[in-house]
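Next come the chains, spelled out residue by residue.
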Amino acid sequence: MDVTRRGFVATLAAFAFPAVALAQAHALEPVPARARVKILATGGTIAGAQSRPGDVAYKSAAYDVGVLIKAVPGLGELAEVSGEQIASIGSQDMNDAVWIKLGRRVNQVLGSPEIDAVVITHGTDTMEETGYFLNLVTRSDKPVVLVGSMRPATATSADGPMNLYNAVAVASDPAARGRGVLVVLNDRIHFARETTKTNTTALDTFSSPNRGLAGLVLFGKARWFSRPAWKHTAGSAFAGVIPDVLPRVDIVYAYANVGPELVNAALAAGAKGIVLAGVGDGNATQAVIEALAAAAKKGIVVVRSSRTNSGAVARNVEVDDDKLGFVAAQELNPQKARVLLQLALLKSKDPKAVQALFDQY
Ligand code: ASP
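Student: Please set out the overall build of the protein residue by residue, giving values where relevant.
Tutor: Along the protein, the regular secondary structure elements total twelve helices and 14 strands. Viewed in the frame of its principal axes, the protein has a C-alpha envelope of about 85 × 45 × 35 Å. By residue count, 50% of the 361 residues in the protein fall in the buried class. Taking all contacts inside the protein whose residues are at least 6 apart in sequence as the whole, residues at least 24 apart take part in 72%. Here the protein displays about 16500 Å² of accessible surface, and carbon together with sulfur accounts for 55% of that area. Here the protein holds 37 positive side-chain charges and 32 negative ones, and the gap between their average locations is 3 Å.

This is the structure in structure tokens:
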């Protein structure tokens, strides 16, 4: 039988004997078991509500995870999803306590043979920080995907439902395994380590300026581009290292004419580490560099990062890191350098040992 005729017969069978046609289709293509995906919700705009349609103002974290799941047509066909509320906050209020709770829960959930992947709904403001924290402390190769939205759930053309559909699709894809923690928004798959929020309101606010995208996802079909370049999750020295309290690390912003006051304020507040959001290649005024050098002498770990949002800060360019006892942040932006320093300080206060961690993570 030629192809056309075979197609015609199959079509006829589908009309005349739907049950037989269905059974045949099943015999040819075994339906894959759906992945079991746990959705951990933390709030954010994806769960946000306006008080009137069209309002620019809205409240984050107005809906719980059950409502978010119900709002996505076809989600149950993609995966066997279950939800759990971890927090209900705008992610501008994200803090160590929620990270600790979330990190421990992710490890617990992924440790179960009943769950294949985790999706975390989260505000976009600090998504990159939470994602990077989880990239370091998650003790599993199973996919962990963060997702949010730029428009609240009540908005015209809300982006949350499609983003959540795509996030669950990515989490269910066996090819997502071993790629570290991922961020899915606006049809793009980012590595949590590489991505950063770059626009206050645009739907494509996330970009990954140094190393590019992990992939794309369109209507639930993922297309993968690359694998992570740095250590992460099951291969991380921090996997499962989640103490009750994280050390205090503050970020000091550099700008023209800045004096030593912000460094001194961080020290007075009890910082064990300071990240410099430096101008250019992690630079700052002489006054700031001197204040940081004095802090480093007292055992405070100082990391130089850059406020430019891309590129790497290498050692000993315009600042003599060897002499002053500083650490260079490599490609980590200040907010991510802060996360790594919080965890690094649990292991060592020696700037050389901390530098070795910044060279690998
Ligand atoms: N402020 C919100 C948050 O981070 C913004 C968002 O989710 O897009 O929770």
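From this point on, the discussion continues.
Student: So, the pattern of salt bridges: which residues are in play, and what are the values?
Tutor: Applying the stated criterion across every chain yields a total of 13 salt bridges. A salt bridge links Glu84 to Lys38, with the shortest nitrogen-to-oxygen separation between them at 3.9 Å. In this pair, Glu84 sits in strand β2 (residues 79-89) while Lys38 sits in strand β1 (residues 35-43), placing the two residues 46 residues apart along the sequence. Linking Glu194 and Arg193 is a salt bridge whose minimum nitrogen-to-oxygen distance equals 3.2 Å. According to the relative accessible area criterion, Glu194 is buried, its value standing at 9%. The network of salt bridges with shared partners includes Lys38, Glu84 and Arg105.

Student: Mind laying out the packing of helix α5 (residues 96-110) against helix α6 (residues 127-137), listing which residues take part and the relevant values?
Tutor: Relative orientation of the contacting elements α5 and α6 amounts to 45 degrees, with a least axis distance of 10 Å. The angle between the axes of α5 and α6 places the two elements in the oblique class. Our pair here, α5 against α6, has a crossing hand that is right-handed. Listed contacts from α6 to Trp99, Ile100, Leu102, Gly103, Val106 and Asn107 of α5 are Glu129, Thr130, Phe133, Leu134 and Val137. Grouping the constituent residues of the contact of α5 with α6 by class yields seven nonpolar, three polar and one charged.

Student: Describe the sheet that holds strand β13 (residues 301-306), and please don't skip the residues or the numbers.
Tutor: Ordered in space as β11-β12-β13-β14, the four strands form an open sheet in which the pairing is parallel. Where the open sheet ends on each side, the last strands, each with one partner, are β11 (249-253) and β14 (327-328). Pairing of β11 with strand β12 (residues 273-278) involves five bridges; the strand directions are parallel. Bridge pairing in β12 links Ile251 to Val275. Strands in contact with helix α11 (residues 334-344) are β11, β12 and β13; relative to β12, the strand with the most contacts, it is inclined by about 165 degrees.

What counts and how
- Residues numbered from 1 in each chain as written.
- Predicted model: local features only at pLDDT ≥ 70, side-chain atom pairs only at ≥ 80, totals over all residues.
- Heavy atoms only, no water.
- Helix = DSSP H or I, 4+ residues; strand = E, 2+ residues; numbered from the N terminus.
- Buried < 20%, exposed > 50% of the residue type's maximum accessible area, 1.4 Å probe, protein only.
- Contact = heavy atoms within 4.5 Å.
- Areas by Shrake-Rupley, 256 points an atom, 1.4 Å probe, with all protein chains shown as cover.
- Lys, Arg positive; Asp, Glu negative; His and termini not counted.
- Charge placed at Lys NZ, Arg CZ, Asp CG, Glu CD.
- Salt bridge = Lys/Arg side-chain N within 4 Å of Asp/Glu carboxyl O.
- Axes fitted to C-alpha atoms, helices over the stretch in contact; angles between N-to-C directions.
- Parallel < 35°, antiparallel > 145°, perpendicular 65-115°, else oblique.
- Left-handed = near helix turned anticlockwise from the far one by under 90°.
- Nonpolar A, V, L, I, M, F, W, Y, C, P; charged D, E, K, R; others polar.
- Pairing = 2+ DSSP bridges.

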